[in-house]
Each structure stands twice: as structure tokens, then as C-alpha cells.
Amino acid sequence: MIVISARELTKAYGTNVILNGVSFHVSKGDRIGIIGINGAGKTTLLNVLAGETACDEGDVFVSGELKIGYLKQDVGFDAEGPIRDEVKKVFRHFPEMERKMEELLAQASANPEQSRTALEQYQQIRERYEWMGGYSYESEIRGIMSSMAFGEEDLDKKISALSGGEKTRLALALLLLEKPDILLLDEPTNHLDIGTLRWLEQYLKGYRGTLLLVSHDRYFLDETVTRIFEIDHRRLSIYEGGYRFYAQERKVRRQTQMRQYEKQQKEIARQEDMIRRFKQRGTEKLAKRAASREKVLQTMERIDRPDGENDRMKVTFHQNYQSGKDVLQAGELSMGFGYGRNRKELFRDVSLDIKRGERVCIVGDNGTGKTTLLRLLLGQMEAGSGRIRIGHNVQFGYYDQGQQLLDPNLTVIEELQEAYHLYSEGELRNLLGRFLFRGEQVFLPVSSLSGGEKARLSLLKLMMSGANVLMLDEPTNHLDIESKEVFEEALLEYPGTCIIVSHDRYFLNRIPTRILELSGGGLTSFLGCYDDYMEKKQQMIRSGRQHLQEMGSKGNGLPLQQASMNAAEMRRQKKEREARERRARREKEAAEEKIARLEEELAQLEEQTTQQAVMTDPARLQELSEAMEKRRRELDEAYERWLELGE
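Our subject in this report is the structure included herewith. (Residues numbered from 1 in each chain as written. Predicted model: local features only at pLDDT ≥ 70, side-chain atom pairs only at ≥ 80, totals over all residues. Heavy atoms only, no water.)

1. Observations regarding the packing of aromatic side chains
Here's step 1: On inspection of all chains with the given rule, the structure shows 13 aromatic pairs.
Here's step 2: Seen in terms of ring centroids, Phe317 and Tyr494 are 6.2 Å apart; in terms of plane orientation they differ by 70°. Their pairing is edge-to-face. Separated by 177 residues along the polypeptide, Phe317 in the loop between α10 (284-299) and β10 (326-337) and Tyr494 in the loop between α15 (481-493) and β16 (497-501) bring together distant segments of the chain.
Here's step 3: Ring geometry for Phe526 against Tyr533: centres 5.0 Å apart, planes inclined by 80°, an arrangement best described as edge-to-face. Grouping residues by exposure puts Phe526 and Tyr533 together as buried.
Here's step 4: An aromatic cluster is defined as three or more aromatic residues linked by ring pairs; in this entry it consists of Tyr219, Phe526, Tyr530 and Tyr533.
Here's step 5: In this structure, Lys11 packs its charged tip against the face of Tyr13, placed 5.1 Å from the ring centre.
Here's step 6: The ring of Phe150 has Arg169 lying over it, and the distance from NZ or CZ to the ring centre is 5.1 Å. (Phe/Tyr/Trp six-rings, centres within 6.5 Å; stacked < 30°, edge-to-face > 60°. Helix = DSSP H or I, 4+ residues; strand = E, 2+ residues; numbered from the N terminus. Buried < 20%, exposed > 50% of the residue type's maximum accessible area, 1.4 Å probe, protein only. Lys NZ or Arg CZ within 6 Å of the ring centre and 35° of its normal.)

Take a look at the structure:
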């Protein structure tokens, strides 16, 4: 059953065409992820489907029998009252039905002559009440509100006092409580921590309606959708699979499109050359043939050039100089705000030891103090207690998730000129072009930039800093998928040290060599990526439960909870030690393989320089010389790493 369809849908704002000739259909139960670069038209498409924006051309059909729920990016609540009142509005029909059932029961008791009719009406309403979930809605409210980090005590908070992130979570909770037939979600993962994201994924997996969501969260897309709609250059392409399938298939399609484009360009050039030659001859017969070929070219459907390197952000992080081996150490850090009874403790007994070249990601629930911890390490705030030691030759570069370090009163190019006086305007414009700020865009005020544009500008400033330790607070927020992938590649190639706060699980599976989980009681270290971290967490939970049962059956006199915690801690430490040893062995083997490969490549390059054809080609000799120098540097670094692992 088709519930949504679009045929030749076109939408423009002034002369700016957003969607052009878009056609698709959505069947009942489809789970669709809508992706594309920032500004591609994803939100515009949702607005059209929700009936909030009219299309300029084409037809859009949405089944009128079905209820649509729409979560916007910018949630607007007009209500000033408490959260509890907004929640009650969702289920306002249940109290009315409850009052009606009470009236009918009272009527049946008071008037025996009308009791049969009253009881029949009562039974009809009761069955409908039960079918609609009347006996379970209060527990459902508690479950969903709790999963969205709203406890019972939060329900009396005024909506006007909520932050932007809290309003988004409230809007999503209310939408899920309404249980619409079609869910339209625009960036639902914004402002959600990992625990809430995982809960939302499980909820949407069990959702029986039709789902269309816009998201840049690749992990979330893979977990929740089975089709991908990509909006690119005003057109819509459909991929029958999740994000991983899309990423592979898109690469194949782009290569095919590029071959078709290049083939057509060659044919156009050949035809134009023939036309020019025919006209040069000057004969009437050849002039007619030239006119005929020109007509064919004019009516030819031109293939658009697929996105190339010029359409992607270009990021390369470098360090002006290398830091010492010990980058940053902290011991027994504690932090809180307020005094007396009003004091709120964020965390205590936080200790860490960061070595050169590590890529450490910090995770934890919202409100645990991850951003505060970064600012403490940077020296922007003073800890309540504890100590911090910065290593030799450490130069920090900081990316703040709110882009508060940008001056809204400056233009884009002035923002760079303020920080980097030695660059000429031409050099700065070239750098800005690498981050997709082109032409007159460099003179836009920072205050007018979108979240994604501010993120790109902040990353450019960070790239220019030459820092050897990058401190990044939610760096992938506001970046589209292509920009995230370019940014991740740059981090993987960066020779310095990274300390990153992130909720992006796809990012957490690619970037970190170690994950630190922050909670009120301190930091817990997990080697590896996000999937490794989750596996180890599950192992800790299982081993803790098992030991609790064993201690309970033995009855050794220890409090069960304490015995379980002690055993779980011992198991955790043992597993971490074993994991460190396994990781060290794997890293050493990988280093030895890398050394062997680099030595072989260097030998092959040196052999090429002795060939007669190469010796008489200065350009080729220069190319080989640069390649050899690069291999020697990589070999020196590989030997240094191998020696470190052997210590």
C-alpha cells in the first residue's frame, strides 16, 4: 500500500531551485533515511510532505487516512506551563473516557431500569479504552519520558526554562507518545547522548508505522532504515539498503557516472571539431551537415558532471613541532558547581595519562561534565581539587561545539585575518576555498552562517593553528556526511595527539585508539573503538551478575553488592591488562610488517633511479626523490614506534 508519492516535484525559493523533478513513492512500513549535504533540500522535502510548504510544480500525495507526526529541527513551544501539562495534552481523551465510564456505572447503580443500556455503553467505551492503551498509558508516559532523561521531578519544570536540547528531547518524547502512523523526523539525534540514542534505535526498530528521517548520524541510519533517499544537485536517488550499502553503491554509481560523463564530453568535443572543419570548407553541402550536427548537439541530454575533489572539503592537520612523549597527565580531579545544599558535583577522582600519538575519545551521559573536563585540561577553568600536568612542547588546538570562539561581528575572511596576520588575502581566500567558502561567501558575516558553515570555519582555524594536541568537543555536529568522512580521514593521518568528546558512534568506531567513559565516579579506560567498548561493558555486566549469584550461594558473609563490585573490579582490571597486552602484541606485529613493506618500497624506488630512461628524465628523478624521502620519514617513524612498543 502506497502512503506517500511524489511525481515531478519541484520547489524553489526565488531563483534558487532546491528540488527539481523529484519522483518517488513510499509504501506502508517503509523505513527511509534522507541524506545529502547541508542545504541540499532535505528539510524542504519533509516540509512539503508534512503539508507545511507547498511545492511549485508536480504532485504530492499523502494518505489522508493516516496520522502524521513531524519532529522539526528547531522546536518551537508556545506553552509557558510545566512539562506535565504538555504530556497530558497527548492523552487528554483518556481522562474524559474515564469520567464517562464512571458516570455510566453510577447511572447503572442508581437506576436499575436503565442499567442494561448504561452497562452496554460502559462496555463499548471500556473496550475502546483498552484497545487505545488506556490501562497502560501512564506507565508508557513514565517509560518514554524517563528514556528521554525526564524524571518525575522534571515534569513540573516550566517549558520556558528548558534548554534547546531539552526542548528537542521533549518534542521527540511527545511525538513518540502520540504514536502517529507516519513519522517524519528531522535530525532526531541532535542533543541525545549515546544511551538515549540506543534506546531510540530500539524503539524505532519496534515501530510499526512508516518512518522517514533526515540524519547525518551514519550509525543511527544503519540501525533504523532500510532505504536511502539521497538528495544531490536538486535530484533524488534511491538506494535499496541501509547506510553501509548506500556508501558502497554510491561509490560504484559515481564511478559509472564519471565514465559516462567523460565519454559524452569526448563525443561532444569530437562533434564540435567536425562542425568546425565542415564550416571551414565553406561548401553548401558541408554547411548543411554542420547545421545538422549542431542541432543534434543542442537536443542532446547533457550528463551532469559528478562531484569531484573540488566539491569536497579539504582538511589536512599538521603540527608545527612534535610534543614530548608524555602529553597530559591528571590526577584525582574533582569538579562541581554551587555551594552547600545547592552544590552539584559533576565528577570526582578523575585521573588520566595521555601519550603522544594517541587518539582518545571521551564518552558519557549528558550532564556528566565532558566539556567541563576539556576546559579544565586546557586551563580555561580551575578544578575544585586535583592536579594537571602538561607535557613538554605541548601546543593545544581547541574546537568548541558551540563555535563560541568565533566573533559574530566579523566577516568570514576577517575571522581568519584576526588570527593569522601574516597571510595575504589571496592566501586566505585559497584556504577558504578548500573549505567551500568561495566567491563573495568570504565576505559574509559570521553571524549569518549556518551551523555547518560555522563548523567548517572553526575546523579551518584549527587546521591553520599547527597544534600538536587537538582538543575537540563534538566536532562532527553540524557536518554533513561527506564532510565528516573527509574530517575523519584527516584525523587518521594527523601525527599528533587527539582528545575528543563525541556521541557519534560511527566516528567512535573509526577514530579512537582508546575510549574513556566519564561518570560521576571518575574515568574508566577501554582500549579500542566503540564496538570494543560496548562489548567490554556487556562483559562487565555479565561477570558482575554471575559473581553476585556465586557469592550469594556461598554466603561468605560479605554484603552481596560489595562482593559483586569487588569481583567485577578485579575482572575488569584483569581484562583491561590482557587487552593491553594483546593490543601491544598486535601493534608490534603491525609495526614490523610496516617496516618490511617500507624497506621493500624504498629499495624498489632506489632501483628505478638507476634505470637509463629515468636518469635522463629530471622530472621523473625529482618525483622519485620526493617519494624516497617520504618513505624514509615513514620508516624512521615506524622504527621509533617499534622501539617504543619493545620497551
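2. Focus: the sheet that holds strand β13 (residues 385-390)
Here's step 1: With respect to topology, three strands assemble into an open sheet ordered β11-β10-β13, the strand pairing being antiparallel. The open sheet has two free edges, formed respectively by β11 (344-355) and β13, since each of these has just one partner strand. Geometrically, the sheet is characterised by an average inter-axis angle of 15° between neighbouring strands, direction not taken into account.
Here's step 2: Pairing of β10 with β13 involves five bridges; the strand directions are antiparallel. If you follow Leu328 over to β13, its bridge partner there is Ile390.
Here's step 3: Strands in contact with helix α11 (residues 370-378) are β10, β11 and β13; relative to β10, the strand with the most contacts, it is inclined by about 125°. (Pairing = 2+ DSSP bridges. Axes fitted to C-alpha atoms, helices over the stretch in contact; angles between N-to-C directions. Contact = heavy atoms within 4.5 Å.)

3. Comments concerning the side chain of Ser502
Here's step 1: Along the chain, Ser502 turns up in the loop between β16 and α16 (505-510).
Here's step 2: When its relative accessible area of 0% is taken as the criterion, Ser502 is described as buried.
Here's step 3: Polar side-chain contacts of Ser502 include one of 3.0 Å to the backbone nitrogen of Asp504.
Here's step 4: Sequence-distant contacts of Ser502, that is, excluding residues within four places in its chain, are made with Ile194, Ile362, Val363, Glu474, Phe507 and Leu508. (Polar contact = N/O pair within 3.5 Å; in protein donor to acceptor, adjacent residues only side chain to side chain.)

This is a description of form; function is not addressed.
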